[in-house]
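Coordinate analysis (summary)
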Amino acid sequence: MNLINEARQQGRAALDEAAGKALLAHYGVDVPRTVVVKDAAEVAAAMKPLKLPVVVKVISPDILHKSDAGGVRVNLKSVKEVSDAIAAMSVLPKIGAAHVDGWLIEEMAPAGQEMVVGGLRDPQFGPLVMCGLGGIFVEVLADVAFRICPITRLDAEEMIDELKGAAILKGARGRKPASREAIVEVLLKIGGENGLMMRHAQDIAEADINPLIVSETAAVAVDARFILT
Ligand code: ADP
Ligand code: MG
């Protein structure tokens with residue numbers, strides 16, 4: 001895969017977010033339509049193919065958690081809002097101190113449940129795939145399901161069912177249900193027989209889609225991080 005070779009040639013240990021999303025798209029996972037700009041001057045021309053509202057994010061190998069650095073602004077409704085956001089984010093302490101490669105501008109995903117889908121390599125068992133509900137479910141409750149790759153459709157369905165928060169995906173407490181089929185498809189594209197973790201078992205140490213936003217009809221990977229072996 002060229003994306004992986006390019007990153008290695010640049011001496012990088014991870015794919016940047018745009019490359020990570022391109023890799024996911026190659027495996028059929030939906031990602032937002034995305035453009036990359038170097039600075040605010042490029043925004044107007046670059047944004048032409050995008051539907052408003054958009055999200056802007058900092059691209060920097062020094063910044064792992066973009067939100068923590070103030071490097072994500074959502075729901076921006078014009079070229080001016082995007083340019084202003086880039087100007088404002090550029091001078092924040094954590095971003096000012098980092099090497100900034102550019103800025104990613106992407107369409108907003110349809111609202112839905114935030115999930116986490118990932119992959120990692122176990123020294124004994126080889127590639128694994130995981131999923132969980134987003135936010136406190138992962139961070140505080142550690143409500144996640146793991147399987148050894150490759151997984152079948154049935155495995156993917158069982159992973160979803162064994163989450164303690166599974167009822168939330170079905171639309172508990174007045175929420176809209178999240179598309180079970182869309183989640184299963186993403187799990188297969190990551191962990192299935194011809195999935196990304198199997199195909200790149202030698203190259204990818206860790207894959208992290210956080211979040212995958214799952215609406216009633218679709219699942220969109222809005223953040224992607226791949227750590228190379
Ligand atoms: P971080 O590096 O902080 O994890 P993310 O790219 O995950 O940055 O963005 C932070 C949050 O912003 C996400 O968890 C999600 O809630 C929201 N977000 C990011 N991109 C989009 C998008 N394209 N559409 C809708 N919400 C988004
Ligand atoms: Mg994230």
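Up top you'll find the structure we're talking about.
Described in the following lines is the structure provided in the data block.

Conventions used here
Residues numbered from 1 in each chain as written. Chains lettered and ligands numbered in written order. Predicted model: local features only at pLDDT ≥ 70, side-chain atom pairs only at ≥ 80, totals over all residues. Heavy atoms only, no water. Near = heavy atom within 4 Å. Polar contact = N/O pair within 3.5 Å; in protein donor to acceptor, adjacent residues only side chain to side chain. Areas by Shrake-Rupley, 256 points an atom, 1.4 Å probe, with all protein chains shown as cover. 1 Å grid on protein atoms, 1.4 Å probe; cavity = no way out; pocket = protein on both sides within 12 Å on 5 of 7 lines; lining within 4 Å. Sits in = over half its atoms within 2 Å of the grid points. Helix = DSSP H or I, 4+ residues; strand = E, 2+ residues; numbered from the N terminus. Nonpolar A, V, L, I, M, F, W, Y, C, P; charged D, E, K, R; others polar. Expected span 1.5 Å × (residues − 1). Buried < 20%, exposed > 50% of the residue type's maximum accessible area, 1.4 Å probe, protein only. Pairing = 2+ DSSP bridges. Axes fitted to C-alpha atoms, helices over the stretch in contact; angles between N-to-C directions. Contact = heavy atoms within 4.5 Å.

1. Quick look at the site of ligand 1
- Around ligand 1 sit 19 residues, and of these Lys 57, Lys 66, Ser 67, Glu 106 and Glu 114 come closest.
- Lys 66 is positioned such that a nitrogen or oxygen atom in its side chain is 2.8 Å from an oxygen atom of ligand 1.
- With respect to ligand 1, the backbone of Glu 107 contributes an N or O atom lying 3.0 Å from a nitrogen atom.
- Here ligand 1 has 540 Å² of accessible area as a free molecule, and 82% of this is covered by the chains.
- When atoms are counted within 2 Å of each cavity's grid points, the one that captures over half of ligand 1 is the largest pocket.
- Mapped onto the shell around ligand 1, the elements with two or more residues apiece are strand S3 (54–59), strand S4 (72–76), strand S5 (102–107) and strand S9 (204–214).
- It is S9 that contributes the most residues to the shell around ligand 1, 3 residues altogether.
- Grouping the constituent residues of the shell around ligand 1 by class yields 10 nonpolar, 3 polar and 6 charged.

2. Some points on helix H9 (residues 180–191)
- Its 12 residues give H9 an end-to-end C-alpha distance of 16 Å, which sits within 8% of 16 Å, the value for a rise of 1.5 Å per residue.
- When H9 is considered as a whole, its buried residues turn out to be Ala 182, Ile 183, Val 184, Val 186, Leu 187, Ile 190 and Gly 191.

3. Some details on the sheet that holds S5
- Spatial ordering of the open sheet is given by S2-S5-S3-S4, a layout of 4 strands whose pairing is antiparallel. Each edge of the open sheet is held by one strand with a lone partner, namely strand S2 (34–37) and S4. Between one strand axis and the next, the sheet turns by 20 degrees as a mean value, whatever way the strands run.
- Examined bridge by bridge, S3 and S5 share 6 bridges and lie antiparallel to one another. Of the residues in S5, the one forming a bridge with Lys 57 is Leu 104.
- Against the sheet, helix H2 (residues 17–26) engages S2, S3 and S5, with an angle of about 40 degrees to S5.
- The sheet contacts of helix H4 (residues 79–90) involve S2, S3, S4 and S5, and relative to S4 the element is tilted by about 165 degrees.

4. A closer look at the environment of Gly 112
- Note that Gly 112 resides in the loop between S5 and strand S6 (113–122).
- Residue Gly 112 is classed as partly exposed on the basis of its relative accessible area of 41%.
- Placed 101 residues apart in sequence, Gly 112 and Ile 213 show a C-alpha to C-alpha distance of 5.5 Å.
- Leave out the neighbours within four places in its chain, and Gly 112 touches Ile 213, Val 214 and Ser 215.

5. Here's the deal with the environment of Val 220
- When you line up the elements, Val 220 lands in strand S10 (residues 219–221).
- Given a relative accessible area of 9%, Val 220 falls into the buried group.
- Measuring from C-alpha to C-alpha, the distance between Val 220 and Val 186 comes to 9.2 Å, with 34 residues separating the pair along the chain.
- In this structure Val 220 touches Asp 30, Val 31, Pro 32, Ala 109, Pro 110, Pro 211, Leu 212 and Ile 213, once residues within four positions along its chain are discounted.

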